[in-house]
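Single-letter residue listing:
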Amino acid sequence: MKPSQPNARYYLGIDPGRDKTGLALVREDGVLRSQQVVRTSSLRSSIRGFLDERLASGNVWSLHRVLAGIIIGNGTNSGPVCDLVKELFPSVPVHEIGEAHSTEEARRLYWKIPPPQGLRRLLPLGLQVPPVPLDGYAAVVQVRRYLAALAEQEEIKKEEMRT
């Protein structure tokens with residue numbers, strides 16, 4: 001599968017956990033391309049497979065053209081995952097970001113993407129439990145937080161240049 005936009009750049013979001021890890025591919029404008037939950041024990045091969053399937057990148061160097069950065073949540077198991085990612089993709093920038101309340105945001109995001117159907121739409125979302133693990137959506141949340149922080153930094157720089 002080729003990227004949907006020819007010159008699009010993406011961020012790989014990773015929400016590391018003890019047993020399972022969320023992966024998300026998010027376009028630099030914040031649009032979700034794909035998300036998946038994988039077993040942490042097979043993370044090395046899962047990351048490569050996830051990116052190869054979605055970006056059709058034949059090697060690390062072509063991947064570098066499309067992948068703008070890797071964003072990792074700084075919670076459980078982030079140290080070993082960060083080391084692994086730096087080993088797999090030495091030329092791609094890696095950034096850690098806070099995970100505080102990312103699960104709650106991931107739950108809200110989940111219900112926005114496939115809204116509840118049938119009788120479920122009558123129940124308040126706060127009372128519903130998503131039927132799938134939210135780790136992939138938490139990875140999306142972390143990338144969007146990073147992008148928001150980048151935009152805020154750019155705005156501050158512009159403001160400083162005006163004064």
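One structure accompanies this document, and this report is about it. (Residues numbered from 1 in each chain as written. Predicted model: local features only at pLDDT ≥ 70, side-chain atom pairs only at ≥ 80, totals over all residues. Heavy atoms only, no water.)

**Digging into helix α3 (residues 78-88)**
For an α-helix, the turn length of 3.6 residues means that residues three or four places apart are oriented alike. Short version of the rule: Classification of residues uses two cut-offs on accessible area relative to the type maximum, computed with a 1.4 Å probe and protein chains only: under 20% is buried, over 50% is exposed, and between them is partly exposed. In DSSP terms, a helix is any run of H or I states spanning at least four residues, a strand is any run of E spanning at least two, and both are numbered starting from the N terminus. Directions drawn from the helix axis to the C-beta atoms are what define this arc.
For α3, the complete set of buried residues consists of S78, V81, C82, L84, V85 and L88. Seen end-on, α3 carries its buried residues on one side only, within an arc spanning 160 degrees. Across α3 from its buried face, at more than 90 degrees, point the exposed residues P80, D83 and E87.

**A word on the pattern of salt bridges**
The test is simple: A pairing counts as a salt bridge when a side-chain nitrogen of Lys or Arg comes within 4 Å of a carboxyl oxygen of Asp or Glu.
Under the criterion given, the structure shown has 6 salt bridges. Taking the shortest distance from any N to any O, the salt bridge between E53 and R54 comes out at 3.1 Å. By relative accessible area, which is 53% here, E53 ends up exposed. The class of R54 is buried, set by a relative accessible area of 12%. Measuring nitrogen to oxygen at the nearest pair gives 2.6 Å for the salt bridge that ties R145 to E105. Of the two residues, R145 is situated in helix α5 (residues 135-162) and E105 in helix α4 (residues 102-112); the sequence distance between them amounts to 40 residues.

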